[in-house]
Amino acid sequence: MSMDSIVSNSSGYDQSVDWVPLSLTFVEYPKGDVFGKLLALFSLTPFVILSGFVSLILFRRDLHTITFFIGVLLNEICNTVLKHILREPRPLARNTNLLYSEYGMPSSHSQFMWFFASYMLYFTFIRLQYANNKAFKEFFWKVAGAASCIAIACIVSYSRIFLQYHTWKQVIYGALFGIIIGTVWFTIINVVLTPYFPTVISWKISELFLLRDTTLIPNVLWFEYTNIRHEAGARARRRKSISAKSQ
C-alpha cells in the first residue's frame, strides 16, 4: 500500500487529488513597493463594482440596473472569447501559472473598466435629466462623476501594465473593446429595451420579484426622499390623532 493511500485512509481525504486555486482577487506586486501595492488594490476595483451591482439589484430591483449588469456579463463573455481567439500570451510568465489565464489580449480589467466608464458617461449626460433650477450644480456633479469613472479606469488600466499582467497593446485594445461594447449596449438599452420596461413590470413575475422601472423619474434619490418624508409625516400625524382620541 502506498503512502498516499495510508494518508488518505487515515484522514478520510484523498491526498493524491490536485487542488487548483480559485483566486479571482489574487494580485502580485513587487515586494516592498508601496506604489505597486496601491495599484494592486486599485486593480480590485472591478470586483467592488460587481459587488455594488449585486447589492443594487437585490435592494432596488430596478430594470435598468439589471439590464446594465447583463451588459457587464456579456462584456466579460466577449473578453473571454476574444482571448481564446487571439491567444496572445501575457508579458510575464509567473510561477503561479494556475492562477491566471495564459492569454492576455485583450486585458479583461481594462475592458471591464472602460465598458463601465463609457456606459456611465452616456448615462450621466444623456439619461439623467433633472427638472430643477440648479443647472450649474447638477452639471458640476455630472462632470465630477464622469471624470471619477474615467480616472479610475485609467488607474486600473495602468496598474495592469505596471504589475506586468498585460502589455500596453493588450490594455489599449481592452479599453477600445470596452468602449465599443459599452456604447453598443447603452444604445440597445435606451433605444430597444427601455420602451418595453412598462410592459415588463406589468407581468406577474415582475410583481412577484418587486421589479420596478424608474426611467421616467428625473431624480430617483429626491423622489424617494420626498415620498418617504411625506409617508413618515402622515404616519406621525395618524399616531398623534389616535393618541388624542384615546385620551
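Residues numbered from 1 in each chain as written. Predicted model: local features only at pLDDT ≥ 70, side-chain atom pairs only at ≥ 80, totals over all residues. Heavy atoms only, no water.

**Brief notes about the UniProt feature "transmembrane region" (unreviewed entry) in the chain**
Part 1: UniProt feature "transmembrane region" (unreviewed entry): in the numbering of this structure it lies at residues 38–59, 112–130, 139–159 and 171–193.
Part 2: A distance of 31 Å separates the end C-alpha atoms of residues 38–59, which is 91% helix and 0% strand.
Part 3: Taken end to end, residues 139–159 comprises 100% helix and 0% strand; its first and last C-alpha atoms sit 30 Å apart. (UniProt positions renumbered as here; feature names shortened; annotations may be inferred. Helix = DSSP H or I, 4+ residues; strand = E, 2+ residues; numbered from the N terminus.)

**So, the pattern of salt bridges**
Part 1: A complete count under the given rule lists one salt bridge for this structure.
Part 2: Linking Lys 169 and Glu 88 is a salt bridge whose minimum nitrogen-to-oxygen distance equals 3.9 Å. Of the two residues, Lys 169 is situated in helix H7 (residues 168–193) and Glu 88 in the loop between helix H4 (63–86) and helix H5 (108–127); the sequence distance between them amounts to 81 residues.
Part 3: Given a relative accessible area of 46%, Lys 169 falls into the partly exposed group. (Salt bridge = Lys/Arg side-chain N within 4 Å of Asp/Glu carboxyl O. Buried < 20%, exposed > 50% of the residue type's maximum accessible area, 1.4 Å probe, protein only.)

**Here's the deal with the nonpolar core**
Taken as a class, soluble globular proteins show a tendency for nonpolar side chains to be buried jointly.
Part 1: Phe 53, Phe 68 and Tyr 119 are the most contacted members of the largest nonpolar core, which has 23 residues in total.
Part 2: For this core, the elements supplying multiple residues, two or more each, are helix H3 (45–60), H4, H5, helix H6 (135–162) and H7.
Part 3: Looking at this core element by element, the count peaks at eight residues for H5.
Part 4: Setting aside chain neighbours within four positions, we find Tyr 119 in contact with His 64, Phe 68, Gly 182, Trp 185, Phe 186 and Ile 189. (Core = buried A, V, L, I, M, F, W, Y, C linked by side-chain atoms within 4.5 Å. Contact = heavy atoms within 4.5 Å.)

**Structural notes on the environment of Pro 46**
Part 1: Examined against the element boundaries, Pro 46 turns out to sit in helix H3.
Part 2: Pro 46 sits in the buried class, given a relative accessible area of 6%.
Part 3: For the pair Pro 46 and Ser 110, spaced 64 residues apart in sequence, the C-alpha separation works out to 9.5 Å.
Part 4: When sequence neighbours within four positions are dropped, the list of residues in contact with Pro 46 reads His 109, Phe 112 and Met 113.

**Examining helix H2 (residues 34–42)**
Part 1: Along H2, the residues that are buried comprise Gly 36, Leu 39 and Ala 40. In an axial view of H2, the angular spread of the buried residues amounts to 105 degrees, which keeps them on one side of the axis. Away from its buried face, by an angle of more than 90 degrees, H2 presents the exposed residues Val 34 and Leu 41.
Part 2: Of the surrounding secondary structure, the elements contacted by the buried residues of H2 are H6.
Part 3: By the N-cap criterion, in which a side-chain oxygen at the helix start approaches the backbone nitrogen of a residue two or three places on, H2 is capped by Asp 33, the distance to Phe 35 being 3.1 Å. (Arc of directions from axis to C-beta. Polar contact = N/O pair within 3.5 Å; in protein donor to acceptor, adjacent residues only side chain to side chain.)

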